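# Structural overview for review
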Amino acid sequence: MASPAKAQSRSKKLKVEAVTVSEADLPSYPADLSASVDRSISELPAGQMWFTYRDVQKSFGVSRATVARRMKMKLVPGIRFQNDRIIEDGSVRRFDRLQLRYLLLSLRSSQAL
């Protein structure tokens, strides 16, 4: 049986800090693309501050799988990772307007390529 000191040191080694994607980590996008995305977001209902996968699909035609890929590529700020795994926020993922903005920027910039 392992001693408590060894078990404790092993558990410390297994702990990995969570990393949060920040705006500074994201690529810069052309001004015209940013303006286009900002116009699209401004057309959304003013009272709606949070967006689910379903809202993104309904408003912009972007599937949950595509959103998940962009998050995995670390192109959406505020998403937390532990190693290469996304840490879930809760039972339902909700995006704020800033996250939605960068999600759309990443999608539209790849379409322009």
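Residues numbered from 1 in each chain as written. Predicted model: local features only at pLDDT ≥ 70, side-chain atom pairs only at ≥ 80, totals over all residues. Heavy atoms only, no water.

### Some thoughts on the pattern of salt bridges
Tallying each qualifying case throughout the model produces three salt bridges. In this structure, R93 engages E88 in a salt bridge whose closest nitrogen and oxygen atoms are separated by 3.9 Å. When salt bridges that share partners are traced, they join E88, D89 and R93 into one network. (Salt bridge = Lys/Arg side-chain N within 4 Å of Asp/Glu carboxyl O.)

### As for unusual backbone geometry
Positive phi is not limited to glycine here, since K74 has a value of about 60 degrees. Classification of K74 as partly exposed rests on a relative accessible area of 35%. Located in the positive-phi region is N83, a residue other than glycine, with phi close to 60 degrees. With respect to the helices, strands and loops of the structure, N83 is situated in the loop between β2 (80-82) and β3 (85-86). (Buried < 20%, exposed > 50% of the residue type's maximum accessible area, 1.4 Å probe, protein only. Helix = DSSP H or I, 4+ residues; strand = E, 2+ residues; numbered from the N terminus.)

### Brief notes about the environment of R64
Along the chain, R64 turns up in helix α4 (residues 64-72). Residue classification places R64 among the exposed residues on the basis of a relative accessible area of 55%. If sequence neighbours within four positions are ignored, R64 has contacts with Y53 and Q57. (Contact = heavy atoms within 4.5 Å.)

### Some thoughts on the side chain of S34
Checked against the element boundaries, S34 lands in helix α2 (residues 31-42). Judged by relative accessible area, which is 13%, S34 ranks as buried. Excluding its chain neighbours within four sequence positions, the residues that come into contact with S34 are Y29, R101 and L105.

### Quick notes on the sheet that holds β2
Within the open sheet, the three strands sit side by side as β1-β2-β3. Their pairing is antiparallel. Sheet topology places β1 (19-20) and β3 at the edges, where each strand pairs with a single neighbour. Of the strand pairs in this sheet, β1 and β2 are connected by two bridges, and their pairing is antiparallel. Its bridge partner lying in β2, V19 is registered against F81. (Pairing = 2+ DSSP bridges.)

### A short note on the packing of helix α3 (residues 53-60) against α4
As a packed pair, α3 and α4 sit with axes 9 Å apart at the nearest point and diverge in direction by 110 degrees. Taken together, the axes of α3 and α4 lie roughly perpendicular to each other. Like other packed secondary-structure pairs, α3 and α4 cross with a definite hand, here right-handed. Contacts from Y53, V56 and Q57 in α3 reach R64, V67 and M71 in α4. Here the residues of the contact of α3 with α4 are counted per class, giving four nonpolar, one polar and one charged. (Axes fitted to C-alpha atoms, helices over the stretch in contact; angles between N-to-C directions. Parallel < 35°, antiparallel > 145°, perpendicular 65-115°, else oblique. Left-handed = near helix turned anticlockwise from the far one by under 90°. Nonpolar A, V, L, I, M, F, W, Y, C, P; charged D, E, K, R; others polar.)

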